[in-house]
Amino acid sequence: MNAFYARSALYAAFFTPSTEMRQSVDRLARRHLRRKPLRVLDPACGPGLWLAHFLAQGAEVAGSDLEPKAIAMAAKTLPARGARVVVGDMRRPPDELGFGFDCVINLDNSIGHLSDYMDVAEHFASIRQRMTDRGIYLVGLALREDGDSIHTGLVYERGPVDIEGGGFAALRTESLGLQPTTRCERIRQITITANVPDTPAVIAEQYDLLTFTLPMLKDILAAAGGFEVLACHDATDESLPARAFRKSAGDVVLVLRRSKETSAKRGGLTRRSRAPRKKTTR
Ligand SMILES: C[S@@+](CC[C@H](N)C(=O)[O-])C[C@H]1O[C@@H](n2cnc3c(N)ncnc32)[C@H](O)[C@@H]1O
C-alpha cells in the first residue's frame with residue numbers, strides 16, 4: 001500500500017480540492033445532470049474530500065477506499081447522517097454503499113492504481129451497476145498511445161505547509177516516464193515532514209499508474225457493459241477546459257454515462273487490452 005495515502009492529514013494538506021477545481025467539477029455535474037447531484041459515490045475516496053464537498057451541497061454520499069486509515073479519517077470527519085464510508089476495493093465497491101447513484105466521482109487517475117486492465121474493466125462494470133440511467137461518472141485517467149513519451153521530471157512540488165494535528169511537510173512528485181512493457185507511468189514521490197505526530201521524517205515511494213490507449217479504453221468500456229463519453233476535459237488545468245477525446249490526449253477527466261448494454265461479454269477484452277500485470281516497484 002502507498003504510505004502517503006495512509007497519512008490522511010498529509011494527503012488532505014496537499015490535495016484538498018481548490019475552489020477552482022470544486023467550481024469546475026460542479027459545473028460539469030450540473031451541465032450533464034441539469035441539476036445538482038443527489039447521490040454521490042467516490043469508489044477510491046481517501047479521507048473523503050470530495051464526499052465532504054457534495055455533502056455540504058445536500059447530496060447523500062458514499063465512499064470506499066482500500067486504505068483503512070483513510071476510511072477512519074473519512075468516518076471521523078464526515079457527519080454520519082447522509083454519509084456512508086467503508087473499506088473496500090474499487091474493483092467492486094461494497095454493496096452496502098448502495099445503488100442508484102446519479103454521480104460517481106473518481107479523479108486523479110486513481111483507477112491507474114489497479115493492477116491490470118481486467119481489474120479496470122471489472123471496476124467500470126460494477127460502477128455501471130451502481131449508476132442511475134441518466135447518472136454520470138466523472139473519471140480521471142491518462143490516455144497514452146504506444147510510442148508516446150511523457151515529459152520526465154517534476155510533476156508537483158509544494159510546501160512546506162502546516163499539517164492539521166501539528167508539524168509541517170513538503171511534497172515533491174516526479175514522473176519517471178512510461179514503462180515500455182507495462183505502459184504504466186512510473187511516479188516517484190518524496191514527502192519530508194517535521195514534527196508531524198507518528199510520521200517518519202521522510203516518506204519515499206515509487207509506484208506505477210496504468211495508462212490507456214484510446215482503443216484499449218473503448219474496449220474496456222464496452223466489456224464493462226457500455227458507456228457513452230459525454231465529454232473530455234484537460235485534467236492538468238483546474239478550470240477543466242474541454243479537450244478532444246482522442247489518442248494521446250494525456251491526463252483527462254471524462255464524463256461518462258451508461259449506454260445500452262453492449263454485445264461484448266464481460267471479461268471479453270481483446271488482446272490489445274491485455275497488457276502484462278504491473279510489478280510493484282516500491
Ligand atoms: C489519488 S487518491 C484519490 C482520493 C480521493 N478520490 C480524492 O480525490 O481525494 C487515490 C486513492 O485510491 C486508493 N486506492 C488505491 N487502490 C485502490 C483500490 N483497489 N480500491 C480502492 N481504493 C484504492 C488509495 O488508497 C487512495 O486513497
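Scroll up for the structure.
Residues numbered from 1 in each chain as written. Predicted model: local features only at pLDDT ≥ 70, side-chain atom pairs only at ≥ 80, totals over all residues. Heavy atoms only, no water.

### Observations concerning the packing of helix H5 (residues 117-130) against helix H6 (residues 214-223)
Move 1: Remark: H5 packs on H6, axes separated minimally by 8 Å, with the N-to-C direction vectors making an angle of 45°. With respect to H6, the axis of H5 lies oblique. Remark: the crossing between H5 and H6 carries right-handed chirality. Every residue of H6 that contacts H5 at Tyr117, Val120, Ala121 and Phe124 is listed here: Met216, Ile220 and Leu221. (Axes fitted to C-alpha atoms, helices over the stretch in contact; angles between N-to-C directions. Helix = DSSP H or I, 4+ residues; strand = E, 2+ residues; numbered from the N terminus. Parallel < 35°, antiparallel > 145°, perpendicular 65-115°, else oblique. Left-handed = near helix turned anticlockwise from the far one by under 90°. Contact = heavy atoms within 4.5 Å.)

### Thoughts on the site of the ligand
Move 1: As a matter of local geometry, the ligand sits amid 18 residues, with Tyr11, Ala44, Asp65, Asp89 and Met90 nearest to it.
Move 2: Within the contact set of the ligand, a nitrogen atom lies 3.3 Å away from a backbone nitrogen or oxygen of Leu66.
Move 3: Within the side chain of Asp89, an N or O atom sits 3.1 Å from a nitrogen atom of the ligand.
Move 4: Coverage of the ligand by the protein chains reaches 95% of its 600 Å² of free accessible surface.
Move 5: In terms of residue class, the shell around the ligand is made up of 10 nonpolar, 4 polar and 4 charged. (Near = heavy atom within 4 Å. Polar contact = N/O pair within 3.5 Å; in protein donor to acceptor, adjacent residues only side chain to side chain. Areas by Shrake-Rupley, 256 points an atom, 1.4 Å probe, with all protein chains shown as cover. Nonpolar A, V, L, I, M, F, W, Y, C, P; charged D, E, K, R; others polar.)

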